[in-house]
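Commentary on secondary and tertiary structure
Take a look at the letters that make up each chain.
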Amino acid sequence: MKGTLTAVLALLILGASATDSNAQFRQNSAFQLGVKLGASSYSGDVGPAPPGTAAFDATYEIEGFYRFNRWLNVGIRHSTGSYPALGGTSDRRHSTSIGLRSYVLKGRFSPYLQLGVSRSYGGEMVGMGLSTAAGAEIAISSRLALFQEVSFDSVFPDEAVDGSIGGTSFDLLGRIGVGMRFTFGKNPKKLRIDRIEFPATIEAGKSVRFSAVVSNAADGAQFEWDLPGGAVYAQNPVDHVFEAPGKYEFDVVVKGENGRAMKRVKIEVAPSSEAVAAAAADSAARVARIEAVYGPRVTIAGTQSVYRVKIADGGARPVEYTWLMGDGGIAEGNNVSYQFDEPGTYAITAVVRNEAGSDTTTIAVLVDPSPEASSDAIADVGEHIDTQRNTGVDESSAEEQRLAAERAEAERRLAEVRAEEERLVQIRAEQEKAAAEKAAADLAAAEKAAADRAAAEKAAADRAAAEKAAADRAAAEKAAADRAAAEKAAADLAAAEQAAADKAAAEKAAADLAAAEKAAADQAAAEKEQADAAQTIAEKIAAAANTEEPTLTTQAPPVPGIDWSVGGYTWVVESASSRNAAQSRTSEYSSLGFPVGVYRDTYNGKTEYHVVVGQSASQRVAERIGVRIQRHVPRRIWLLDLNK
């Protein structure tokens, strides 16, 4: 006995360690059968067991309980055991009890309590009393569980078990043991989160709805959304606002009768369209703009010249200054001093930068090799150059001619510099105009993208609403059909009961015959309608063999078998991403005896090709055909209305 108990206890521990922690261990609304092996105990007026015999002996027990829920389990149990202390041939006793069992905890390991009434017999006389038990159950699967239990039956009157009346008012029969319980019923499927539904585009600062689609969740399933920022929700669906853009991860947990499931969601939150537009406008306003460039436009090779820029009001600080001097040299900062070593005309480009962007401007500088021209050539923008130099009365005519020639040359070079400046100003104006037009185009594109996104979200919401409305309508039609069928069944039953008094057998036979004839007529009508439709389709296909194929708004040119021009109803049996893939699957359904075709469906820019079987003018006939098609197609099929 000790070895048996040890083996069963080891099996309990092994089963507990191998159990799936996500399974539903104890099914509701199910019948449970159990067996137990243990040892007996007795307390009463008779002393210990006779010398040479064991104080305990084996007991055997079988039970049957029906589980309504965790708290309410109703059943009956029968036990048989030997009690050596009773002695003689009356040491075997039987007990039958009826009681209630309640599980204290919910999960793989669960203690329980049991209370009932018992009837004890097989000894001196029959007795009655209370039956109590306490134990712990460990689930191995949804059907199998191991348990350990201690139970007691109090037996009245006092002499019922041992035939003796002594110091106690009743006798007590006890049992301790281990056993196994098996549950009969439908095996529940594991709870699973199929997907998390949310909009394709999520903007910061705007509310977004998340919805978990769960399979096999019984009533009372609990949801827990652990969203970023410490937000926790306990319902489904949930609405949440992400304050800042970025990438986020969060977990969704569902708990229910069928176990526990978790799914991790990864999303990316984009800046709001208003913030993008405001940032673009703010960036354009804060760019440091060059208002003027100061410095000589004519200088002498080998001498230092100082250049600086003036920044317009409104530009963000600090500002970085870079000068591209035109001869390969680069200078940093404002008020730069620079020396040109070679004569010529140089394009100096000033570049200013701040946190919002950059701005550039270019000026032309003439570098004169003649030292004599320095006093007349060095000038700032807008500065007048005096060409009427006082030559003096003592200068010779040749000297006057030389000076006049130099002044003319200086004026010519200054004119070239000013012409170059005008050209650069015009180029800058054109660049600024192009930049403004590009900024306006980018803003318009952003606004259009936001409008397109809003339209797409609205279209998705409309489609979801339409699908829900269609589902509600189908449910209402089914409910109406069920109600009509119930009313008809009730009327038929009433008519049958009234007629059963005198001609029950004859009228039932006539009714059965009439029903069989009606079914045959309906079947013949359906087959005739299907044959007529097939004939009509074949004739139209033959007539259109040398003409242009009919086309619909959302479908590809049909293959022979379905006449798209007559409309009607057909069944979608599977889908593919390409027409060739769908076409290759049609041959598998040709043997069903119905027209077969390929239907193209385009929604939100995505195209799918559906393999369709059968074509009927009415939905009633199509549904009857669908039952026959479903026998050959293991997956779910759905009805397509070609009239829309």
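Residues numbered from 1 in each chain as written. Predicted model: local features only at pLDDT ≥ 70, side-chain atom pairs only at ≥ 80, totals over all residues. Heavy atoms only, no water.

**A few points about the sheet that holds strand S3 (residues 73-82)**
Judged by pairing direction, the barrel is antiparallel, and its eight strands sit side by side in the order S1-S2-S3-S4-S5-S6-S7-S8 before closing back on the first. Taken over all neighbouring pairs, the strand axes of this sheet differ in orientation by 25° on average, direction set aside. Sheet analysis places strand S1 (residues 30-43) next to strand S2 (residues 58-67), joined by 10 bridges and oriented antiparallel. Its bridge partner lying in S2, Gln 32 is registered against Phe 65. (Pairing = 2+ DSSP bridges. Helix = DSSP H or I, 4+ residues; strand = E, 2+ residues; numbered from the N terminus. Axes fitted to C-alpha atoms, helices over the stretch in contact; angles between N-to-C directions.)

**Focus: the pairing of strand S8 (residues 171-184)**
Regular strands have side chains that alternate between both faces of the sheet. When S1 meets S8, the two strands line up antiparallel, connected through 13 bridges. When the bridges of S8 are listed, Tyr 42 appears paired with Leu 173. With 12 bridges connecting them, strand S7 (residues 144-155) and S8 associate as antiparallel partners. Note that in S8 the partner of Leu 144 across the bridge is Phe 182.

**Brief notes about the layout of surface pockets**
To locate leftover empty space, one rolls a probe as large as a water molecule over the atoms. Taken as a whole, the second largest pocket spans an internal volume of roughly 860 Å³. What lines the second largest pocket is a set of 26 residues, among which Phe 198, Pro 199, Glu 457, Ala 460 and Ala 461 lie closest to the centre. Looking at the lining of the second largest pocket element by element, the count peaks at 10 residues for helix H5 (residues 397-543). Taken together, the residues of the lining of the second largest pocket sort by class into 12 nonpolar, five polar and nine charged. (1 Å grid on protein atoms, 1.4 Å probe; cavity = no way out; pocket = protein on both sides within 12 Å on 5 of 7 lines; lining within 4 Å. Points joined across faces, edges and corners; volume = space filled by probe spheres on them. Nonpolar A, V, L, I, M, F, W, Y, C, P; charged D, E, K, R; others polar.)

**Some thoughts on the environment of Tyr 233**
Structurally, Tyr 233 is set in strand S13 (residues 231-233). The spatial distance from the C-alpha of Tyr 233 to the C-alpha of Phe 223 is 7.7 Å, given a sequence separation of 10 residues. Residues in contact with Tyr 233, not counting those within four places in the same chain, are Phe 223, Glu 224, Trp 225, Leu 227, Val 238, Asp 239 and His 240. At 2.9 Å, the side chain of Tyr 233 and the side chain of His 240 are in polar contact. (Contact = heavy atoms within 4.5 Å. Polar contact = N/O pair within 3.5 Å; in protein donor to acceptor, adjacent residues only side chain to side chain.)

**Details of helix H7 (residues 619-630)**
Under the 1.5 Å per step criterion, the end-to-end length of H7 is 16 Å for 12 residues, consistent within 8% with the ideal 16 Å. Restricting attention to buried positions, one finds in H7 the residues Val 621, Ala 622, Ile 625, Gly 626 and Ile 629. Looking straight down H7, one finds its buried side chains confined to an arc of 145°; they lie on one side. (Expected span 1.5 Å × (residues − 1). Buried < 20%, exposed > 50% of the residue type's maximum accessible area, 1.4 Å probe, protein only. Arc of directions from axis to C-beta.)

**Re the confidence of the model for the chain**
The share of residues in the chain with pLDDT of 70 or more is 78%, and the mean pLDDT across the chain is 78. Low pLDDT, under 50, characterises residues 11-23; the predicted model gives this stretch 20 contacts beyond four residues in sequence or across chains. (pLDDT = per-residue confidence, 0-100.)

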